[in-house]
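Working through the structure, step by step
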Protein chains: 2
Amino acid sequence: MKILIVIGDGMADRSADELGGKTPLQYAKMEFVNSVVKDSMVGLMDPIAPGIRPGSDTSHLSILGYDPFEVYTGRGPFEAAGLGMELKPGDIAFRCNFATADDKLIVKDRRAGRIKEGTQELVKEINGMEIEGVKFFVKPGVEHRAALVMRGGNLSPYVSDADPHKVGEKVKEVKPLRKDAEFTAKVLNEFLKRAREILSEHPINKERISRGLPPANILLPRGAGVVPELKSVEERYGIKAASVVGIPLVKGICRLAGMYCADLPTATGSYDTDYEGKIKKAVELLKNGYDLVLVNYKAPDLAGHDGDAEKKVWVLENIDRGLRHIEGEDILFIFTADHTTPCNFKDHTGDPVPILIHGEGLRKEGVEKFDEISVIKGSMRIRGRDIMNLALNYAGYAEMFGA
Amino acid sequence: MKILIVIGDGMADRSADELGGKTPLQYAKMEFVNSVVKDSMVGLMDPIAPGIRPGSDTSHLSILGYDPFEVYTGRGPFEAAGLGMELKPGDIAFRCNFATADDKLIVKDRRAGRIKEGTQELVKEINGMEIEGVKFFVKPGVEHRAALVMRGGNLSPYVSDADPHKVGEKVKEVKPLRKDAEFTAKVLNEFLKRAREILSEHPINKERISRGLPPANILLPRGAGVVPELKSVEERYGIKAASVVGIPLVKGICRLAGMYCADLPTATGSYDTDYEGKIKKAVELLKNGYDLVLVNYKAPDLAGHDGDAEKKVWVLENIDRGLRHIEGEDILFIFTADHTTPCNFKDHTGDPVPILIHGEGLRKEGVEKFDEISVIKGSMRIRGRDIMNLALNYAGYAEMFGA
């Protein structure tokens, strides 16, 4: 069997008053999911460990079989990989905003007016700059978003953010958080100063000012992390793996795990994503040489952060509609969440998430519904890091340990 | 939300014949607990690991998030801390009895007639004694109980007890249990000899003999342990923590964990404790600056050791009466046991214990009753060391790991 892992990002929830005390999953009409749940194995999963509040990054690392406590130092490397930057183990990477500051370095707009065009042009003179043996690479993403990578020398990820995270405050000097990060902080501050000088004088920014638009005259890096040396999914498990993912953060994780990232322009990483197209694409990849495909739907997490339980129900029903394209295929289907994003908490929590594993010829546990409460009657009580082994086992790829 | 953790010490049990095959928790009328259980998350917890028989000390260490296999070498340090002794990491501490021995060092009374008065006087000349660079501190507790602390030099906790644990046997010479404990055993034997000489000549003992009472003429240390370097709950989790505990052993653990120990004279650590006052006190602390309060009720464990299932039912119903003072408060309520003390075994066992987590806006699992058997229908299957992370997650204090 081929393996399809579908992650409803932040899909798990708590009992919601506006849904009569039900969770969105309990409330939603999940026709496809509830048509296969009886013939599935179900249960609860702690994405990292009981009570640990996962980020989408640390959780996806776990689900792909890595130990985030070992490989994760910050979000930067995964964002940078998500933008398609070439990374080497040991590189230090940051998320980065183009922003607007005045002469006294007071931040006027953290997003430079959500600048739409010209960022490729803006970074041309900055990208590749070298200071004391350290090379700096900047790659713009959507709107004001970018990633910054430092390579070479004796670098450390333990440096503070330049981003003050608030308009009206001064751009922060990057500080070393540990003694061995002093050099990193020093060259990064020097780079940011030179970049500021270049950006301030850039024709694109002069033109923005003349049009009354905030200039993208500073870079604000945050979320430093060191690029880990990840053994690829193929090396570790001997299978070819791909992903159908909208958001750069999770894309970056899949890329660093050596997975092919399908390019599906209609996968927006938002409410308006192509719910059906993502599964169609995944099934196509599984028919064309890939043994495992991971699909991430970001929308349920957005509804959780927005505190909108009814929207979450709508999103879940759309996902269910997408999942119908699995029908009739010889696929091991794993459906779960990377974490809980309760609509009444509006952020990730460390609650366990429901999980379902369905495939021909496996155990049928007879649980009637797929939601946070119903799956308690199922057999599983696992952690995120168990998924890959379970997938390989049930799909028939696992090697025997012993004889 | 504030966090209230209530530990029914040894509350969990096995099916008891005298209760018609029910456990005390199944049999007891737990009105408050069973009124909130439906809206709670429930399950079973292995205080340390499946099948491991916990002491109250190792279990409470686990529940507070420490690894007892790492920090626990013996009971002494926690008893000493429970008596309010100032301890430093590396100190070697013992529980200690004042006892009565004859000229040939045969133990005549392991408790010196449960001596009521004069122990403060008796230790005056002994406390602070120095031998070969090692200082000895003795602090009396209730009746014949005391703690002994050794400080300085190259000390080891791997020494045997002087206490023969039996009347009619000779006081034991302290033996090194490992090569590196030879010095510790030598100076401790020398200290015990000098203490014996001082105590034998002490006016209080001469007066006791004249009144026909057994003299407190020897010290019998046991339960050697090294004082661990514990990062406080506040340092580890960023919350202010307090406890309402009757017995010195658990008090000592809370103190070494940097928690405030409330002074509640009516909390006796016995059957006659102030069941309601303890919860009232805890609620008061939570309203006055503390984020987490741990309450320990010792009485269920006593009933277990006494093999008295009906008494245990009575104790549990009293605890339930105390718990009603939580009602209406904005509190994350965690109710569990530190271990099982089956009335038909009369000692701690390694069976899993029931646990309940209740708070506004969390998942409602719909389980109907709180007892060892009913909670199997709930979601949790955790270990003691998960509790702190779960508490922080559900109360909304947990930091996110990742982004």
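Residues numbered from 1 in each chain as written. Chains lettered and ligands numbered in written order. Predicted model: local features only at pLDDT ≥ 70, side-chain atom pairs only at ≥ 80, totals over all residues.

**Structural notes on the overall build of chain A**
- A count of helices and strands for chain A gives 14 helices and 15 strands.
- Against the globule reference of 22 Å for 403 residues, chain A gives a C-alpha radius of gyration of 22 Å, in line with a compact fold.
- Principal axes of the C-alpha set define a box for chain A whose edges measure 65 × 55 × 40 Å.
- Of all intrachain contacts in chain A linking residues separated by at least 6 positions in sequence, the fraction that spans at least 24 positions is 70%. (Helix = DSSP H or I, 4+ residues; strand = E, 2+ residues; numbered from the N terminus. Rg over C-alpha atoms; globule rule 2.2 N^0.38 Å. Contact = placed C-beta atoms within 7 Å.)

**Description of the domain arrangement of chain A**
Residue and element names in this part refer to chain A.
- Taken domain by domain, chain A holds domain 1 (2-72 + 229-395) and domain 2 (79-226).
- A separation of 33 Å is found between the C-alpha centroids of domain 1 and domain 2.
- Counting residues at the interface gives seven residues for domain 1, matched by seven residues for domain 2.
- Along the lines of polarity and charge, the residues of the side of domain 1 that touches domain 2 split into three nonpolar, one polar and three charged. (Domains from an automatic or database assignment. Nonpolar A, V, L, I, M, F, W, Y, C, P; charged D, E, K, R; others polar.)

**Describing the sheet that holds strand 1 (residues 2-8) of chain A**
All names here are of chain A.
- If you trace the eight strands from one edge of the open sheet to the other, you get 11-10-12-1-13-14-2-15, paired in mixed fashion. Edge positions in the sheet fall to strand 11 (260-261) and strand 15 (380-383), since each has one partner strand and no second.
- The pairing of strand 2 (residues 41-46) with strand 15 spans four bridges and is parallel. Bridge pairing links Asp 46 to Arg 383 in strand 15.
- Sheet strands touched by helix 10 (residues 248-256): strand 10 (241-245), strand 11 and strand 12 (292-297). Its angle to strand 10, the strand with the most contacts, is close to 170 degrees. (Pairing = 2+ DSSP bridges. Axes fitted to C-alpha atoms, helices over the stretch in contact; angles between N-to-C directions.)

**Here's the deal with the sheet that holds strand 13 (residues 353-358) of chain B**
All names here are of chain B.
- Strand order in the open sheet formed by eight strands is 10-9-11-1-12-13-2-14, with mixed pairing between adjacent strands. Whereas interior strands pair on both sides, the edge strands pair on one side only; in this sheet they are strand 10 (260-261) and strand 14 (380-383).
- In this structure, strand 2 (residues 41-46) lies alongside strand 13, joined through five bridges in antiparallel fashion. The residue of strand 13 that forms the bridge with Gly 43 is Ile 355.

**Considerations on the pairing of strand 8 (residues 145-151) of chain A**
Residue and element names in this part refer to chain A.
- Most of strand 8 sits inside the fold, with five of its seven residues counted as buried.
- Bridge count for strand 4 (residues 92-101) against strand 8 is six bridges, and the pairing is antiparallel. When the sheet's bridge partners are listed, Ala 93 is paired in strand 8 with Val 149.
- Taken together, the six bridges between strand 7 (residues 134-140) and strand 8 define a ladder with antiparallel strand orientation. Among the inter-strand pairings, Phe 136 is bridged to a residue of strand 8, identified as Met 150.
- In sequence, strand 7 turns back onto strand 8 through a hairpin of four residues, with Glu 143 there showing a positive phi of about 50 degrees. (Buried ≥ 20, exposed ≤ 12 C-beta atoms within 10 Å, placed from the backbone.)

**Quick notes on the interface of chain A and chain B**
- Between chain A and chain B, the contact holds 27 residues from the first and 20 residues from the second.
- In the sheet, strand 3 (residues 53-54) of chain A pairs with strand 15 (residues 400-401) of chain B via two bridges, with the strands oriented parallel. The partner of A:Arg53 across the bridge, within strand 15 of chain B, is B:Met400.

**Thoughts on the relation of the copies chain A and chain B**
- Taken as rigid bodies, chain A and chain B are interconverted by a rotation of 120 degrees and an axial shift of 0.1 Å, the fit giving an RMSD of 0.1 Å. Taken together, the rotation and translation describe the operation of a three-fold axis.
- When the interface residues of chain A are mapped onto chain B, a mere 4% of them are again interface residues, pointing to distinct binding faces. (Least-squares fit on C-alpha atoms with pLDDT ≥ 70 in both.)

**Regarding the packing of helix 12 (residues 299-306) of chain B against helix 13 (residues 309-323) of chain B**
All names here are of chain B.
- Contact geometry of helix 12 with helix 13 gives a least axis separation of 8 Å together with a crossing angle of 175 degrees. When the interaxial angle is binned, helix 12 and helix 13 end up roughly antiparallel. Residue-level contacts link Ala 299, Pro 300, Ala 303, Gly 304 and Asp 306 of helix 12 to Lys 311, Lys 312, Val 315 and Leu 316 of helix 13.
- Here the contact of helix 12 with helix 13 is built from residues that sort into five nonpolar, one polar and three charged. (Parallel < 35°, antiparallel > 145°, perpendicular 65-115°, else oblique.)

**Considering the environment of A:Val244**
Residues and elements named next belong to chain A.
- With respect to the secondary-structure elements, Val 244 resides in strand 10.
- Taking the C-alpha atoms as reference points, Val 244 and Leu 323, separated by 79 residues in sequence, lie 13 Å from one another.
- If we ignore the near neighbours within four places in the chain, the residues touching Val 244 are Ala 262, Leu 264, Ala 267, Lys 278, Lys 281, Ala 282, Val 293 and Val 295.

**Some remarks on the environment of A:Phe137**
All names here are of chain A.
- Of note, Phe 137 is situated in strand 7.
- Overall, Phe 137 belongs to the buried group, with 20 C-beta atoms counted inside 10 Å.
- Here Phe 137 is in contact with Met 85, Asn 127, Gly 128 and Val 149, once residues within four sequence places are set aside.

**Re helix 11 (residues 275-287) of chain A**
- Here helix 11 of chain A contains 13 residues, and its C-alpha end-to-end distance of 19 Å stays within 8% of the 18 Å for a straight helix at 1.5 Å per residue.
- Residues of helix 11 of chain A that are buried include every one of A:Tyr275, A:Lys278, A:Ile279, A:Lys281, A:Ala282, A:Val283, A:Leu285 and A:Leu286, and no others. (Expected span 1.5 Å × (residues − 1).)

**A look at the confidence of the model for chain A**
- When pLDDT is averaged across chain A, the result is 97; 100% of the residues are at 70 or more.
- Both confidence scores are given for the complex: pTM 0.93, ipTM 0.91. (pLDDT = per-residue confidence, 0-100.)

**Here we look at the nonpolar core**
- Core analysis: the largest hydrophobic core is formed by 130 residues, its most contacted members being B:Leu4, B:Ala147, B:Leu148, B:Val293 and B:Ala391.
- There are two domains that each give this core at least three residues, and those are domain 1 (2-72 + 230-395) and domain 2 (79-226) of chain B.
- Once you skip the residues sitting within four places of it in the chain, B:Ala147 turns out to touch B:Gly76, B:Glu79, B:Ala80, B:Leu83, B:Met85, B:Ala93, B:Phe94, B:Arg95, B:Cys96, B:Lys139 and B:Gly141.
- Grouped together as the second largest cluster of nonpolar side chains are 129 residues, A:Phe136, A:Leu256, A:Ala337 and A:Phe370 included. (Core = buried A, V, L, I, M, F, W, Y, C linked by C-beta atoms within 7 Å.)

**Some details on the packing of helix 3 (residues 56-63) of chain B against helix 10 (residues 248-256) of chain B**
All names here are of chain B.
- Look at helix 3 against helix 10: their axes get within 10 Å of each other, and the N-to-C directions meet at 30 degrees. Accordingly, the angle class assigned to the pair helix 3 and helix 10 is roughly parallel. The crossing of helix 3 and helix 10 is right-handed. Contact with helix 3, carried on its side by Ser 56, Asp 57, His 60 and Leu 61, involves Leu 249, Val 250 and Ile 253 of helix 10 and no other residues of that element. (Left-handed = near helix turned anticlockwise from the far one by under 90°.)

**Quick look at unusual backbone geometry**
Residues and elements named next belong to chain A.
- In this model, Arg 114 sits at a positive phi of 45 degrees, which is unusual for a non-glycine residue.
- The topology assignment puts Arg 114 in the loop between strand 5 (107-109) and helix 6 (119-122).
- Assessed through the 13 C-beta atoms surrounding it within 10 Å, Arg 114 is described here as partly exposed.

**Side note on the environment of A:Met388**
Residue and element names in this part refer to chain A.
- For Met 388, the position within the fold is in helix 14 (residues 387-395).
- Sequence-wise, Met 388 and Glu 399 are eleven residues apart; in three dimensions their C-alpha atoms are separated by 13 Å.
- Excluding anything up to four places from it in sequence, Met 388 contacts Leu 64, Gly 65 and Tyr 237.

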